[in-house]
Amino acid sequence: MSSPISSTSAPEIVCIGETMALITPTDAPLADAAQASIGLAGAESNVAAGVASSGHRVAWASRLGDDPLGDRVASELERRGVELWVERDDAAPTGVMFKDPGAESSSVYYYRRGSAASRMEPGFLTARRLDGVRIVHTTGITPALSASCRETVDQLFSDARTAGALVSFDVNDRRPLWSREEAAETLARLADTADISFVGRDEAERIWGTATPAEIRAFLPNCALLVVKDGDVGATAFHGDDEPIFVPAPVVDVVEPVGAGDAFASGFLAATLDGADLAARLSAGHAAAERVLAIAADLPPLVPLA
């Protein structure tokens, strides 16, 4: 096992993707609510905040509207110790996500079409900007936002490798954003060419028809390190031609599952930076996910400074 990755003049990890303002009614279903809370929602920024909480230097890269909701997203991530590599757009808004937890069938509603982040274009992060970064992380949500975002992710994979960084990719399929056919081809291509890929067993079965971790590995044979998450069962890591390593998930009283996959990735990647072995990385992922499963929010609350 390699030695722990040391910090440089650059962040250790850069996470790229959209973060939205999250509106959650607090007194009734969305249609009847008079009160709501405002937070943030974004898979890549969740990972960034989780890695930062482990004491590592991390940046989040994206675009935000030049508006109060963009200010809200930026200030919350800065409070969590995340460096911002952000462009502000005065012609496109920050995306918004509404939760409807009080409805008969709990749902989420996205208002992100034409958002500032959806206007990311190839070269948004250049190889020169990524010089010294050890891991570049994104998810399957980013290429689903727009054609230009899809091209941005393709270029990002190339620029990250030119800069000497590992590419980390979480499949994170979002059905409302694109067709199953589009998702299946693009997500398979990106997951198979990443250095580290995370995929849920259930989402892989939904989009690719692969029912077991072994089938997923056979479908994605070229990914150097493939991590298959199987909910409350556990997670399996496939590294090259080595025997797969399985670590069971801890027993958790689940309050809400949203954000647990991002937390798992943050724990796994932080442990990767620490030079941990694969079993320890999987355990760190489970521990991070456990903390989020036990709360209603995507991110644990900040501990007030003494």
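Quantities reported herein were computed from a predicted structural model and do not represent experimental measurements. (Residues numbered from 1 in each chain as written. Predicted model: local features only at pLDDT ≥ 70, side-chain atom pairs only at ≥ 80, totals over all residues. Heavy atoms only, no water.)

*Asks:* I would appreciate a short explanation of the sheet that holds strand E3 (residues 36–41) in the present structure.
*Replies:* Pairing between the strands of a sheet is mediated by backbone hydrogen bonds and can be parallel or antiparallel. Pairing is mixed across the open sheet formed by four strands, whose spatial order is E3-E2-E6-E7. Each having just a single partner strand, E3 and strand E7 (107–111) make up the two edges of the open sheet. This sheet shows a mean twist of 25 degrees between the axes of neighbouring strands, independent of strand direction. As paired elements, strand E2 (residues 20–25) and strand E6 (residues 96–100) share three bridges and run parallel to each other. Across the sheet, the residue bridging to Ala21 is Val96, located in E6. (Pairing = 2+ DSSP bridges. Helix = DSSP H or I, 4+ residues; strand = E, 2+ residues; numbered from the N terminus. Axes fitted to C-alpha atoms, helices over the stretch in contact; angles between N-to-C directions.)

*Asks:* Please clarify how the sheet that holds strand E5 (residues 83–89) should be interpreted in this entry.
*Replies:* Strand order in the open sheet formed by nine strands is E5-E4-E1-E8-E9-E10-E11-E12-E13, and the pairing between neighbours is mixed. With partners counted over all chains shown, the strands left at the sheet margins are E5 and strand E13 (245–248), one partner each. Here the average twist between neighbouring strands, direction ignored, is 15 degrees. As defined by bridge partners, strand E10 (residues 196–200) adjoins strand E11 (residues 225–230) across five bridges and the pair is classed as parallel. Paired with Ser197 across the strands is Leu226, a residue of E11.

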